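Working through the structure, step by step
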Amino acid sequence: MFWRGRPFLRILLFFASGILVARYWFADKQLPVIELILLLAFLILVSAIIAKHIKSFKYSWISGLFLNIILFIAGLTLTVQQIRQSRVKLDENPQAVWEGKLLTEPIQRAKTVKFILKITKRASRDNVLPRSVKVLVYLKTSTLPVGLHLGSSLLFRGRMSPVEVPKNPGEFDYRRFLQDRGIRYMVFIDNKSWKPLPTQSGFLLPAVFSRWRNKLLQSLRSQGLSQNEYAVAASILLGYDQLIAPDLHQDFTAAGAVHILVVSGMHVGIIFLIFSFLFSFLLRFKNGDYLRNVLLILVIWSYALLTGLSPSVSRAATMISLFILADIFRRGYDNFNILAASAFLLLLLNPLLLFDVGFQLSYAAVAGILMFYFPIYRSVYIRNKILQTMWAALVVSFSAELGVFAIAAHYFHQFPLYFLLTNLAVFALSYLIIFSGLAFLSFSWIPFVSHLLAVVLAKMVSTLIVIVRFVASIPFSAVYDLYFPWFKVMLIFILLIWVYYLFIHKNLHMLIPALATLVLLFGIQTFRQLQLQRQEKFIIYSLRHHTAIDLISGKKHILLVDSLAMAGLSELDYSLKNSRIAMGLLENSHPLSQNFRADFVYYRKGFGQIGTLRFYVLPPGQLRYPRLHKKIRVDYLICRAQGKTKLAEVAKAIKFRQIILDASLPYWAVKSLEKQAKLLDISYMNLRKTGAFTFNIRKK
């Protein structure tokens, strides 16, 4: 049995199930936490009584059942409690004065400084909150204020705005993303509406390591590295990935090497190997192995704190620490059980960590390595040491990719085809970069030595960038626009489990389940393609600064956009890309100012028709409309004009069923049009409030 000898796998399964149920079914409901805690205590008591009085193996399953229920309810209760803690209602008065403390290092952006703040009280009323609340802060300044860092306290005035729900189909749910981190409000602070407060004395370990990291970053910045070299080196060594240019990040993604830019298990593993070698002299002394293991744990967690304690680093540090502790206590261990134990410990501290992308990817990668590395590696015997090392690096990369492929496709919609080629070079270079980087950070206080090490570091980082950009430039370096909903991701993981047992454990009984899963995957994909061929939609997206109208027939579509959007279509990807991929559409845009005709759509001077649906887009600045012998009939009148539109004049020439107020309209224009529509008794829809408008057209 796969469960035998791996108790934490079962513990993790039922605990995580409780977290999932709490997050997706009870996140917006007021669950009785006290009652849940009492139920949990009652079940623990009953389980203890059963375990004490039932000795027969025949009825041992009863104790197991109660234990699984306890774990499920524990995960449910902890998650509900954490969600409820962030539900404090804050005053949305823009003149309210608040007091808070920085929970993260401030991040410099183009026109703002971004950080997370823990609000402790409303200072204007001396109103202490029942519990601290986290808010996302954007400080309107182009330069980072001196003295503003993790642990700083400040007093400010600003309006607490609830994070909005996504307005477009398939759009990234930023509200859910922040809620999983305990954040429900965001605030924009003018540079003159805040002042620092004296920081309370006290030893805050993350703040101490954060200050050390900032000093090391300054030392690295002073060595004359280019912008890209500094950005990549800071990201690899210290987890500071805020400076990487979007085009460079896309090159790393397309080449399959983006994982090196995020401090993760690979980095922690390299740190472990380096210091394990450096501390090996301790093995000569009595009880030196105990001292060595303790020092290794301290080094690993110090590095984790130095890089910001991200979920991937925490996972790797926890897992390696468990391995070291097992060695200290001379206990045998199972890799899968240790992996599950580290996940359970982290989720026990923060259940919502389960929904962190880095957490999911890091555990999936390690699980893939544990399942497939040794069987694949041992299938080929190589005598040459260099070739053997290269083969090991390739197998590690391939095994990790098997684990993360489905999750990465779900979130990023692409898959790098040359990841094996990239990771062969990346693995060696990353080891050298981290080793030389640690040497530089250790000797940064010695000018000549630090400069020499910085030159070596810069050369290796620049070599890495050249290799990554070369691989990314190769034709067909990646497959884009992949559509992997969660049920498809789960089927891929189930298939990998069947394959693991079929080929690794030679269990032929897994052949039928594997084939059945494959047939199900192909069936779902075929059904989806048939559905996409039959789709016919008219969509007006809700965008604050642009107008975008999608005309869709099957897998063909034309996206009508304003001239400003045509100049920078990449800006629309955040809101529109996911829905375009879900509907199986290619990028195809057309300016609203030009006429066109296709086999499924007609558009001329603002008038358009797709299938049986007709619409008219009001041109900017037009106040008078010609009185025709017969009114033009349309289904929807789309208001996007910035001028003072008079609906009564429009109604003399055009007959319409409903007005659509585009989200790009300014607030005053929306109010004016709403007032006119009410006076004329005309139905209207405000896309600023309702979000995107989608109409499924019926085919004749």
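Right above here is the structure, for reference.
Remember, it's a predicted structure, so these values are computed and weren't measured experimentally.

1. Quick notes on the side chain of Glu401
The topology assignment puts Glu401 in helix 13 (residues 385–412). Judged by its relative accessible area of 14%, Glu401 is buried. Excluding residues within four positions of it along the chain, Glu401 makes contact with Phe415 and Phe419.

2. So, the environment of Leu237
Within the secondary structure, Leu237 sits in helix 6 (residues 227–238). Spatially, the C-alpha atom of Leu237 lies 38 Å from that of Arg544, the residues being 307 residues apart in sequence. Excluding residues that lie within four positions of it along the chain, Leu237 makes contacts with Tyr303, Thr307, Ile433, Ile434, Gly437 and Leu457.

3. A closer look at the pairing of strand 16 (residues 601–604)
Here strand 16 shows a clear split, with Val601 and Tyr603 buried on one side and none of Tyr602 and Arg604 buried on the other. The pairing of strand 15 (residues 596–597) with strand 16 spans 2 bridges and is antiparallel. Counted as the bridge partner of Arg597 is Tyr602 from strand 16. Once strand 15 ends, the chain turns through 3 residues before running back antiparallel as strand 16. Here strand 16 runs beside strand 17 (residues 607–610); their pairing, made up of 4 bridges, is antiparallel.

4. As for a nonpolar patch on the surface
On the surface, Leu20, Tyr24, Trp25, Trp486 and Met490 cluster together into a nonpolar patch covering about 540 Å² of accessible area. Within the residue set of the nonpolar patch, elements represented by two or more residues are helix 1 (7–25) and helix 16 (486–504). Counting residues per element, the nonpolar patch draws most heavily on helix 1, at 3 residues.

5. Details of the packing of aromatic side chains
Summed over the entire model, instances satisfying the criterion amount to 28 aromatic pairs. Relative to Tyr603, the ring of Phe596 has its centre 5.6 Å away and its plane inclined at 25°; by these criteria the two rings are stacked. In this pair, the class of Phe596 matches that of Tyr603, namely buried. Geometrically, the ring pair formed by Tyr636 and Phe695 is edge-to-face, given 6.1 Å between the ring centres and 65° between the ring planes. Pair noted here: Tyr636 is in strand 19 (residues 632–639) and Phe695 is in strand 22 (residues 693–696), with a separation of 59 residues, a long-range link. The ring of Phe177 is capped by Arg181, whose NZ or CZ atom sits 3.7 Å from the centre of that ring.

6. A few points about helix 9 (residues 288–306)
Here helix 9 contains 19 residues, and its C-alpha end-to-end distance of 27 Å stays within 8% of the 27 Å for a straight helix at 1.5 Å per residue. Of all the positions in helix 9, only Gly288, Arg292, Asn293, Leu296, Ile297, Val299, Ile300, Tyr303, Ala304, Leu305 and Leu306 are classed as buried. Close packing links the buried residues of helix 9 with helix 5 (205–221), helix 6, helix 8 (265–278) and helix 10 (311–328). Gly308 lies just past helix 9 and shows a positive phi near 100°.

7. Overview of the pattern of salt bridges
Scanning the entire structure with this criterion turns up 15 salt bridges. A salt bridge links Arg544 to Glu164, with the nearest nitrogen and oxygen atoms 3.5 Å apart. Highlighted residues: Arg544 in the loop between strand 11 (536–540) and strand 12 (548–553) and Glu164 in the loop between strand 6 (161–162) and helix 4 (174–179), separated in sequence by 380 residues. On the basis of relative accessible area, Glu164 is assigned to the partly exposed category, the value being 46%. For Asp635, the salt bridge is made with Arg657, and the minimal N-O distance between the two is 3.2 Å. Of this pair, Asp635 sits in strand 19 while Arg657 sits in strand 20 (residues 654–661), and the two are 22 residues apart along the sequence.

8. As for the sheet that holds strand 14 (residues 589–591)
Within the open sheet, the 5 strands sit side by side as 14-13-12-11-22. Their pairing is mixed. Here the strands that pair on one side only, and so sit at the sheet edges, are strand 14 and strand 22. Sheet twist, expressed as the average angle between the axes of neighbouring strands with direction ignored, equals 15°. Here strand 11 runs beside strand 22; their pairing, made up of 4 bridges, is antiparallel. In the strand pairing of strand 22, Lys537 is matched with Asn696.

9. Re the nonpolar core
Membership of the largest hydrophobic core comes to 59 residues, with the highest contact counts inside it found for Leu220, Val232, Phe252, Ile433 and Leu464. Looking at this core, the elements that each hand over two or more residues are helix 5, helix 6, helix 7 (246–254), helix 8, helix 9, helix 10, helix 14 (419–442) and helix 15 (447–473). Per element, the largest residue contribution to this core is 10 residues, and it comes from helix 15.

About the criteria used
- Residues numbered from 1 in each chain as written.
- Predicted model: local features only at pLDDT ≥ 70, side-chain atom pairs only at ≥ 80, totals over all residues.
- Heavy atoms only, no water.
- Helix = DSSP H or I, 4+ residues; strand = E, 2+ residues; numbered from the N terminus.
- Buried < 20%, exposed > 50% of the residue type's maximum accessible area, 1.4 Å probe, protein only.
- Contact = heavy atoms within 4.5 Å.
- Pairing = 2+ DSSP bridges.
- Patch = residues over 30% accessible without salt bridge, like charges linked within 9 Å, V, L, I, M, F, W, Y side chains within 5 Å.
- Areas by Shrake-Rupley, 256 points an atom, 1.4 Å probe, with all protein chains shown as cover.
- Salt bridge = Lys/Arg side-chain N within 4 Å of Asp/Glu carboxyl O.
- Phe/Tyr/Trp six-rings, centres within 6.5 Å; stacked < 30°, edge-to-face > 60°.
- Lys NZ or Arg CZ within 6 Å of the ring centre and 35° of its normal.
- Expected span 1.5 Å × (residues − 1).
- Axes fitted to C-alpha atoms, helices over the stretch in contact; angles between N-to-C directions.
- Core = buried A, V, L, I, M, F, W, Y, C linked by side-chain atoms within 4.5 Å.

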